[in-house]
Amino acid sequence: MRPELSTLIKLQGIDLEIRKLGNDKLELPKRLNAIKELMEEKDAEVAELKDRLADLRTRKTEVEDELELEAERLKKSQQKMSSVKNSREYQALSKEIEDIKKSNKAREDEIIQLDEEIDRLKKEVKEKNKEVDKLKKEAAAEQKNIAKAEKEIDAKIVSLSAEHDEVADKVKPDLMARYKFLSEKREGIALAAVDEGICSACNMNIPPQMYNELLRDEKLLFCPSCQRIIYALKV
Ligand SMILES: [Zn+2]
């Protein structure tokens, strides 16, 4: 194989590696982002639970206030019993007292239920907060991992870039321009091997005459389908 081709193949190998490292770097925050998303979800759930807790506490205060007022009213009604004058009055007052007692019993039951629900939600908030704390720790650890991996990738890219410059210096400017143009247009694959008459990059057939020319390896040839610089695999 002519040196200009083998140099370009080497250059493409280096550039593909640099390109891959760049992509790897972009992938690094993915896990962290997933953790952060989960954290936001849990935070929203905690906020919702706290809203519900606040509502329940407001309701409990309301019922307690009602109960206090009604207990007072009950006491007064019971005191009135001693000065009842006739049975009609007695019956009316008895009914009133029974009604208040019944309502207050319902209020007491509701307070018990509210207390149970408040306890349950408080526990749930505690659990969720624990999960958020755990995620925070995971995120911090992941942040460290990312920083370390980024540093490693950057160091590799620096060393590969130096290698790139060294190899690129050996390529003639017009060929380099062509390589760069193709590399940008074709996701880093500017050169393609041709195996048994087929371009390995676009899988199209190379015309037989051109393939024979390629096997002779006398000049630079391009795939008629994808325009990449081609070289014969078995030379
Ligand atoms: Zn092709």
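Rules used in this analysis
- Residues numbered from 1 in each chain as written.
- Predicted model: local features only at pLDDT ≥ 70, side-chain atom pairs only at ≥ 80, totals over all residues.
- Core = buried A, V, L, I, M, F, W, Y, C linked by C-beta atoms within 7 Å.
- Buried ≥ 20, exposed ≤ 12 C-beta atoms within 10 Å, placed from the backbone.
- Helix = DSSP H or I, 4+ residues; strand = E, 2+ residues; numbered from the N terminus.
- Contact = placed C-beta atoms within 7 Å.
- Pairing = 2+ DSSP bridges.
- Domains from an automatic or database assignment.
- Nonpolar A, V, L, I, M, F, W, Y, C, P; charged D, E, K, R; others polar.

Visitor: Explain the nonpolar core to me, and be specific about the residues and the numbers.
Guide: Ranked by internal contacts, the top residues of the largest apolar core, which has 16 residues, are Leu191, Ala192, Val194, Cys199, Ile206, Ile229 and Ile230. If you list the elements that add at least two residues to this core, you get α1 (3-27), α4 (173-185), β1 (191-195) and β4 (229-232). Among the elements that make up this core, the one with the highest residue count is β4 (four residues). Those residues in contact with isoleucine 229 that sit more than four places away from it in its chain are Leu8, Leu182, Ala190, Leu191, Leu220 and Phe222.

Visitor: I'd love a proper account of the sheet that holds strand β3 (residues 221-222), names of residues and values included.
Guide: In a beta sheet, neighbouring strands are held together by backbone hydrogen bonds and run either parallel or antiparallel to one another. On the basis of which strands lie adjacent, the open sheet formed by four strands has the order β2-β1-β4-β3 and mixed pairing. Across the chains shown, the open sheet's two edge strands, defined by having one partner strand only, are β2 (198-199) and β3. Where β1 and β4 come together, four bridges link them in parallel fashion. In the sheet register, leucine 191 faces β4, and the bridge partner there is isoleucine 229.

Visitor: Lay out the domain arrangement of the protein chain with the relevant residues and their values.
Guide: Each assigned domain of the protein chain is listed here: domain 1 (11-168) and domain 2 (173-232). Of note, the centres of domain 1 and domain 2, computed from C-alpha atoms alone, are 61 Å apart. Across the boundary between the two partners, domain 1 contributes five residues, which contact five residues of domain 2. The dominant element in the side of domain 1 that touches domain 2, judged by the number of residues it contributes, is α1, at four residues. When grouped by side-chain class, the residues that make up the side of domain 1 that touches domain 2 number two nonpolar, one polar and two charged.

Visitor: Could you give an account of the pairing of β1, naming the residues involved and the relevant values?
Guide: Sheet topology note: the β1/β2 ladder contains two bridges and is antiparallel. The residue of β2 that forms the bridge with aspartate 195 is isoleucine 198. Connecting β1 to the antiparallel partner β2 that follows it, the hairpin turn spans two residues, and glutamate 196 within it adopts a positive phi of roughly 50°.

Visitor: An account of the environment of glycine 22 is requested, with residue identities and associated values reported.
Guide: Assignment of secondary structure puts glycine 22 in helix α1. Sequence separation between glycine 22 and aspartate 154 is 132 residues; the distance between their C-alpha atoms is 8.8 Å.

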